[in-house]
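Summary of the model geometry
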Amino acid sequence: MKIKRNWLIPIVAIVSVQCLFASSIALAQKDWPTRSISLVVPFAAGGPTDTIARLIAVPMGQALGQTVIVDNVPGAGGTIASTKVARATPDGYTIYIHHMGMATANALYDKLPYDPLTSFEYIGQVADVPMVLLGKKDLPANNFKELEAYIKANGSKVTMANAGPGAVSQLCGLLFQSRLGIKLTNIPYKGTGPALTDLLGGQVDLLCDQTTQTIPYIKDGRVKVFGTTTMKRLPAIPNVPTLNEQGLKGFEVKVWHGVYAPKGTPQPVLDKLNAALKKALNSPDVRKRLEDANIDIVPMEKVSAQGLKSHLESEINIWGPVIRKSNISD
Ligand code: MLT
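Fair warning: this is a prediction, and the values are worked out from it, not measured in the lab. (Residues numbered from 1 in each chain as written. Predicted model: local features only at pLDDT ≥ 70, side-chain atom pairs only at ≥ 80, totals over all residues. Heavy atoms only, no water.)

A closer look at empty space enclosed by the protein
On inspection of all chains with the given rule, the structure shows one cavity of 30 Å³ or more. For the largest cavity, the calculated volume is near 70 Å³. Forming the boundary of the largest cavity are Phe43, Gly47, Pro48, Thr49, His99, Ala163, Ala167, Val168, Ser169, Gly191, Thr192 and Gln210. At the level of secondary structure, the elements contributing two or more residues to the lining of the largest cavity comprise α2 (48-64) and α6 (168-180). Of the residues assigned to the lining of the largest cavity, the class counts are five nonpolar, seven polar and no charged. Counting the residues that make up the lining of the largest cavity, at least three belong to each of domain 1 (36-128 + 255-325) and domain 2 (130-228). (1 Å grid on protein atoms, 1.4 Å probe; cavity = no way out; pocket = protein on both sides within 12 Å on 5 of 7 lines; lining within 4 Å. Points joined across faces, edges and corners; volume = space filled by probe spheres on them. Helix = DSSP H or I, 4+ residues; strand = E, 2+ residues; numbered from the N terminus. Nonpolar A, V, L, I, M, F, W, Y, C, P; charged D, E, K, R; others polar. Domains from an automatic or database assignment.)

See the structure below:
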């Protein structure tokens, strides 16, 4: 009897501690968020991913009753930020926006410290952004044919900026070089924000970038444009032909974005984040700002965990073979 009672005391203590722990987690989830939330961006400030992040951060914060602070963690084409988020505490105070680099990194890196399919929770897709092939203002070529001839004549003397392995600017640039059968000098930056600054300053010759920031520079002639990476011309720049129609058949890169959280973030928290993201994407101000840059907000059913996860899976299956077949490397 005595022995049994001695056993009972620690068991009762463990059960009560567990109950207390469980109810404090439940309470924390119910009250969440009680402090600001960090929205990690895998590229430099001032670039396309940063711009979309800052556009949604404010209305998401308003919906959640706390500030959503953008935290730029650039480097290694987004993989440094992905690793940081995969290892973050899954309490809802760290969330992450990344583009299709989440689907291409596996094929570009031998070994990643995270797994895009198992290291994250999925909150929802955001928007799709077209890309444009740009040149510095005083590049001698004035159209795609002239650019092709210029590149063939000058080879590796021609420089092309990108945001590192895993960045879409790198993928687009290397696919372009692979289709032309020529290797240029590729220059990595921490994002296409700083890369675009150098293109505008004439320090680099070419850049494949998203339309998020680039339309005004194209319109006022501060950069040259040689084509879009879409199958149809873009309404904001209807006179710019697609690369597809200029001979690079099937050249299509549309940059999709998703919002993630570290694996293990509680479901009630993910539900609140998803509702806040939907609210942000339905805000007339955000819609207008995105539409002006030719950015398509995805249909609301894709702003969901399932919508993002199945899109990521299908993109991994699409880009893996394309990257391996093109044998692209920097
Ligand atoms: C950025 O935000 O700087 C770009 O999305 C980088 C890239 O080209 O992927």
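After that view, the rundown keeps rolling.
What to know about the layout of surface pockets
Space left empty within the atom packing is revealed by a probe, the size of a water molecule, rolled over the atoms. Space inside the largest pocket adds up to approximately 360 Å³. Taken together, 19 residues line the largest pocket, and the ones lying closest to its centre are Gly250, Glu252, Val253, Ile318 and Trp319. The set of elements that each furnish at least two residues to the lining of the largest pocket consists of β4 (120-136), α6, β9 (254-262) and α11 (305-326). Among the residues forming the lining of the largest pocket, the class breakdown is eight nonpolar, five polar and six charged. Three or more residues apiece are contributed to the lining of the largest pocket by two domains, here domain 1 (36-128 + 255-325) and domain 2 (130-228). If you add up the space inside the second largest pocket, you get close to 170 Å³. If you trace the second largest pocket, you find it lined by Pro130, Thr230, Met231, Lys232, Leu234, Pro235, Glu252, Lys254, Asn294 and Asp296. Its residues placed into classes, the lining of the second largest pocket shows four nonpolar, two polar and four charged.

Some details on the pattern of salt bridges
Side-chain pairing between opposite charges can occur once the charged atoms of the two side chains come close. Considering all chains together, one arrives at 11 salt bridges under this definition. Between Lys84 and Asp71 there is a salt bridge, and its shortest N-O distance comes to 3.5 Å. Of the two residues, Lys84 sits in helix α3 (residues 79-86) while Asp71 sits in strand β2 (residues 68-72), which places them 13 residues apart along the sequence. Overall, Lys84 belongs to the partly exposed group, its relative accessible area being 43%. Assessed through its relative accessible area of 25%, Asp71 is described here as partly exposed. (Salt bridge = Lys/Arg side-chain N within 4 Å of Asp/Glu carboxyl O. Buried < 20%, exposed > 50% of the residue type's maximum accessible area, 1.4 Å probe, protein only.)

Details of the site of the ligand
Residues in contact with the ligand, as listed here, are Phe43, Pro48, Thr49, His99, Ala163, Ala167, Val168, Ser169, Gly191, Thr192 and Gln210. At a separation of 2.6 Å, an oxygen atom of the ligand approaches a polar side-chain atom of Ser169. Here Thr192 contributes a backbone N or O atom positioned 2.7 Å from an oxygen atom of the ligand. Here the ligand is seated within the largest cavity. Those elements that place two or more of their residues in the shell around the ligand are α2 and α6. The residue inventory of the shell around the ligand, partitioned by class, reads five nonpolar, six polar and no charged. Looking at which domains feed residues into the shell around the ligand, each of domain 1 (36-128 + 255-325) and domain 2 (130-228) supplies at least three. (Near = heavy atom within 4 Å. Polar contact = N/O pair within 3.5 Å; in protein donor to acceptor, adjacent residues only side chain to side chain. Sits in = over half its atoms within 2 Å of the grid points.)

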